Structures are given as C-alpha cells and as structure tokens.
Amino acid sequence: MERRTIGAAALEVGAIGLGCMPMHWAYTGSQQRGDSSLRTVHAALDAGTSLLDTADMYGPFTNELLLGRVLGQRRADAFVSTKCGLLVGDQHIVANGSPSYVRRACDASLRRLGTDVIDLYQLHRADPEIPVEETWGAMAELVSAGKVRALGLCAVGARASRRRAGAHLHESTIRQLERVQQVFPVSAVEAELSVWSPEALDRLLPWCEARGIGFLAAMPLGNGFLTGTLTPGQGFEPDDVRARHPRFTAEIMAANQPLVAGLRRVAERHGATPAQVALAWVLGRGRHVVPVPGAKRERWAVENAAAAELELTARDLAEIAALPPVRESWE
C-alpha cells in the first residue's frame, strides 16, 4: 500500500487506516464479536493498513484491550492512534482535560495496549472548564517522557455543536489549534470528511496542509451510507448511533440515494465498489490526508484497503462533483 506521512515528525502510515470504533462502540452491538474483530485487525494489517485508530472510551476500554492482543504479536506492523479526554458514565459522556487525568489516562492506555509508546495521542474533546493549553501541555510532557511520539486533535464532534448562523463549522477547531500550536506542535487533526460531508475542504483541510499537519479523515464512508449496502427504512438497533442520526431516517436515506447511485456508476467503470470510490475521492484531497474508515469485519477491511490502488480520472471526479448535494433533515 502507498505510504503517507503525518505531521512535521514525518510519521509514516499506510494511505488508508482502520477505524476500530465499530468493533466496540456506537454501531450494531449485536454484531460486535471479539474474535471477528481480531481477524479484522489482522486482515487490515496484512493488506498494508498500519494506522489503527482507537480511543479509551470505545467500550469503554475494551477496544484498546483487543488491540493489545494484536500488538503483542505485530507491534512493528502497526501505527497506534488512541485518544483521551472523554469519560463515559451511565447515559452520559463528559470531557476531562485536567493534566492529572491526562497522565493517568495515558498510562492506562499503554497498559491496555501492551506497548511502551503510543504513536499518536489525540485529545478527543477539549474540556470547557480547563484552558486547552493546560491539557495540551500535559500531553506534551508525555512526548518528553517517551510515552507518546506525536500529538493530535480530534474534531469529529464539530457537527454536534452545529454551525451558528453565519459561522463556519470548523472555526472553533481552528481557534483551538492555533492556541495549542503555541504550546507543542500538532501532528494530526482528525475530522469528518467524505463525499457527503465535505465541509473540511473549505477551511480546516487547507489550514492543516499549509502547516504540514496530517489530516485523518473520519467517517469517509458516511457512517456506512456511501457503501451502498444500506436500505432506506431498514432500521437500526437502539444502541446504533444511526438510529438517532437525522441523515438515517427512511425519508432522508431515500432522498440521498442519487449520491450512492452516482458513486456506483463510477465504480462500475473501474470494477470497484461505491465504498472504494468514496475512499479514493478522499485520498485525492491531498497527500497529507489519510482516510480512516471504520470496519468490524474482515471483508470490509480488505475492501477498504484496496481502495488505495484506485485512481479516479478527471471524468470520475467531474461526475462526483456534479452529484446532487446531500439532503439534510434539518434543511
């Protein structure tokens, strides 16, 4: 697989990563099986994927423990990205950015992962009660201590605090980045980017590129919608985030089918799948971009990794650009 570099530290990873969240969090709990997830991680590594993206809150904790079983055998094959900053309680999630918590969280993640160093340690969310510089300073100390190689900021929750009237989706993230950059270099930013969520192309992605910061594209398959495997009205299990996601009502899924149909037309010309076309589109947004599709089955991990070999033509890109914009239930 093609290799790409992340940040000023030139950390090298496979061009397509593996999002491990679906294995233990947020998606279809009845299909979350440990042995299947283990095989999925191994299959991804075999296919050239190296970046494994997890967080202490996934499970919570169980996903890091599962990855620890893989890393015990294949640490040299993997680039480990995990996150701190969110605590999971009964029916709620709260941010914690205190320096003492950051230090404890890192040590706990190292134990669960069974490794001496975390390749990329990301702040999952900033704590509104603590200046982000204090949190970031504690994370920088972990780099000095040799427990972490590089730092990143996760902006995946930006959509949840949806844009104010006239405000850009990622302006608050950029303000945070500018603040923490004064404390210690940011190596990567993780934020949503896909054919149906291209907002990062406006300001956040160019901001990262201009500063040599890597961009981890979260949800590049639109929570599974862009794979073309979901049927409008199929329903989701209660613990699946899509059961409450406004884009996954039967009406809006049906309204957005032309987007999937367009990806499928492009895919047919290449003998590929809509998911691979969606990933190839993200890969084409810049050499500093690494899509991180989530997967919990071997088949999908291998299919996603193969998208690194797909080169979209000018005609393909023009057709994708001409597809109707995504319909939102809030529009």
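Residues numbered from 1 in each chain as written. Predicted model: local features only at pLDDT ≥ 70, side-chain atom pairs only at ≥ 80, totals over all residues. Heavy atoms only, no water.

Draft legend 1. Representation of helix α2 (residues 62-74). Helix length check: α2, at 13 residues, gives a terminal C-alpha distance of 19 Å against a target of 18 Å (1.5 Å per residue), a fit within 8%. Listed in full, the buried residues belonging to α2 are N63, E64, L66, L67, G68, V70, L71 and R74. Tucked inside the fold, the buried residues of α2 contact α1 (34-46), β4 (51-53), β5 (79-84) and α3 (99-113). (Helix = DSSP H or I, 4+ residues; strand = E, 2+ residues; numbered from the N terminus. Expected span 1.5 Å × (residues − 1). Buried < 20%, exposed > 50% of the residue type's maximum accessible area, 1.4 Å probe, protein only. Contact = heavy atoms within 4.5 Å.)

Draft legend 2. Quick look at the nonpolar core. Counting 84 residues, the largest nonpolar core has L18, V41, Y121, L204, F215 and I320 as its most contacted members. Counting residues per element, this core draws most heavily on helix α9 (residues 274-283), which supplies eight residues. Among residues more than four places away in sequence, those in contact with I320 are V195, L263, V266, V277, W281 and L312. Counting eleven residues, the second largest nonpolar core, distinct from the first, contains I6, L51, F79 and L216. (Core = buried A, V, L, I, M, F, W, Y, C linked by side-chain atoms within 4.5 Å.)

Draft legend 3. Structural view of the packing of α2 against α3. Interhelical geometry of α2 versus α3 gives an angle of 50° and a closest axis separation of 7 Å. When the interaxial angle is binned, α2 and α3 end up oblique. Residues E64, L65, L67, G68 and L71 of α2 form the contact with α3, whose own contacting residues are S109, R112 and L113. A class-by-class count of the residues in the contact of α2 with α3 yields four nonpolar, two polar and two charged. (Axes fitted to C-alpha atoms, helices over the stretch in contact; angles between N-to-C directions. Parallel < 35°, antiparallel > 145°, perpendicular 65-115°, else oblique. Nonpolar A, V, L, I, M, F, W, Y, C, P; charged D, E, K, R; others polar.)

Draft legend 4. Highlighting the packing of helix α8 (residues 257-270) against helix α11 (residues 314-321). Axis separation between α8 and α11 bottoms out at 9 Å; the angle between their running directions is 165°. In terms of their interaxial angle, α8 and α11 are classed as roughly antiparallel. At the point where α8 passes α11, the crossing takes the right-handed sense. In this structure, α8 uses L263, V266, R269 and H270 to contact α11, whose residues at the interface are R315, D316, E319 and I320. Tallied by class, residues from the contact of α8 with α11 come to three nonpolar, one polar and four charged. (Left-handed = near helix turned anticlockwise from the far one by under 90°.)

Draft legend 5. Region of interest: the state of the cysteines. One pass over the structure, following the stated rule, counts zero disulfides. C20 takes part in no disulfide bond, and the closest cysteine sulfur to it belongs to C154, at a distance of 14 Å. Residue C154 is classed as buried on the basis of its relative accessible area, which comes to 7%. (Disulfide = S-S within 2.5 Å.)

Draft legend 6. A look at the pattern of salt bridges. All chains considered together, the criterion is met by 20 salt bridges. R74 is the salt-bridge partner of D46, the closest N and O atoms lying 2.9 Å from each other. Here R74 lies in helix α2 and D46 lies in helix α1, a separation of 28 residues in the sequence. The exposure class of R74 is buried, given its relative accessible area of 16%. For the salt bridge of K147 with D107, the shortest nitrogen-to-oxygen distance reads 2.7 Å. Pair noted here: K147 is in the loop between α4 (132-144) and β9 (148-154) and D107 is in helix α3, with a separation of 40 residues, a long-range link. (Salt bridge = Lys/Arg side-chain N within 4 Å of Asp/Glu carboxyl O.)

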